[in-house]
Amino acid sequence: MPRKPGEPLKYMEVADDLRRRIDEGEFPPGSKLPPERKLVEQYDRSPGTIRQALAVLREEGITESRVGSGVTVRQWRPIVRNALKRVLADQWGEGKSIWDVDIENRTLVADGVRVEQLQAESDVATALGIEEGELVCRRDRRYLVDGVPVLRSTSFIPDDLARGTRITQHDTGDGGVYARLAEVGHKPARFREDLRCRMPATREVEDLRLPPSTPVVELVRYAYDSADRVVEVNRMILDASRYLLRYDFSS
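Treat the numbers as computed from the prediction; the structure is a model and nothing was measured. (Residues numbered from 1 in each chain as written. Predicted model: local features only at pLDDT ≥ 70, side-chain atom pairs only at ≥ 80, totals over all residues. Heavy atoms only, no water.)

**Student:** Residue-level account of the side chain of Ser155, with values.
**Tutor:** Summarising the element assignment, Ser155 is placed in strand E6 (residues 148-158). Residue Ser155 is classed as buried on the basis of its relative accessible area of 0%. A polar atom in the side chain of Ser155 sits 2.9 Å from the side chain of Arg141. If near-sequence neighbours (up to four positions away) are discounted, Ser155 is found in contact with Cys137, Arg138, Arg139, Arg141, Glu232, Val233 and Asn234. (Helix = DSSP H or I, 4+ residues; strand = E, 2+ residues; numbered from the N terminus. Buried < 20%, exposed > 50% of the residue type's maximum accessible area, 1.4 Å probe, protein only. Polar contact = N/O pair within 3.5 Å; in protein donor to acceptor, adjacent residues only side chain to side chain. Contact = heavy atoms within 4.5 Å.)

In structure tokens:
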């Protein structure tokens, strides 16, 4: 019998129910799903339908499968990124890393740090409020938490603020870029973040080792000093499956 318009595909019904069971804790992270033959019996569906349903969960990054070991619920404790707490001055102003808010006692590594002076292209110049071709300091690095790539960060700082400071070095010192900006009289006073979700480019899939069909969060943060000058623009690409983005508000 042909499927009626609007009627869900059988394999999607199975995938939706398995996802529900995982979310409700029946199959916790690190546990195995029932073998294919058991799922065929449970859902009264063909092996082909079950395999399609399992493929959906795998592509969504919910499960992973290895030959001979079955299908396992992906084990990962989300990074809780609290955008407001991590940029407070009492965080980096006391010499702490803004990552300390996110990762608790997990292992953080900045991988492949590259620092260079270059001429600002039009989009960077516009974001910083400078003329195209003016010099900027570009800092590019990939962050790994517990050995897993989770974020690519590329920041731009006007050259007149970065020159002669540790911002131009691989290790910016305690408190990072924001503490160094404060030392030269341009302490960040407010921030803005623009956030959008999208599917990754091929280079981003490779860079963050993303499972198939995993989206990324593209987040651009602007740091302003007390004179409302943009003192840093940071473009970040996050593996969406690794993060919980949290925003606290008060009335």
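**Student:** Tell me what's going on with the pairing of E6, and back it up with residues and numbers.
**Tutor:** Here E6 lies mainly inside the structure; 11 of its 11 residues are buried. Note: strand E5 (residues 135-145) against E6, 10 bridges, orientation antiparallel. Residue pairing for E6: Cys137 is matched across the bridge by Ile157. Between E5 and E6, which pair antiparallel and follow one another directly, the connecting turn spans 2 residues, one of which, Asp146, has a positive phi of 55°. Sheet topology places E6 next to strand E9 (residues 230-239); 6 bridges connect them, and they run antiparallel. (Pairing = 2+ DSSP bridges.)

**Student:** An account of a nonpolar patch on the surface is requested, with residue identities and associated values reported.
**Tutor:** Where nonpolar side chains cluster on the molecular surface, the patch consists of Leu84, Leu195, Tyr247 and Phe249 and spans about 420 Å² of accessible area. Mapped onto the secondary structure, Phe249 falls in the segment after strand E10 (243-246). For Phe249, a relative accessible area of 73% translates into the label exposed. (Patch = residues over 30% accessible without salt bridge, like charges linked within 9 Å, V, L, I, M, F, W, Y side chains within 5 Å. Areas by Shrake-Rupley, 256 points an atom, 1.4 Å probe, with all protein chains shown as cover. Salt bridge = Lys/Arg side-chain N within 4 Å of Asp/Glu carboxyl O.)

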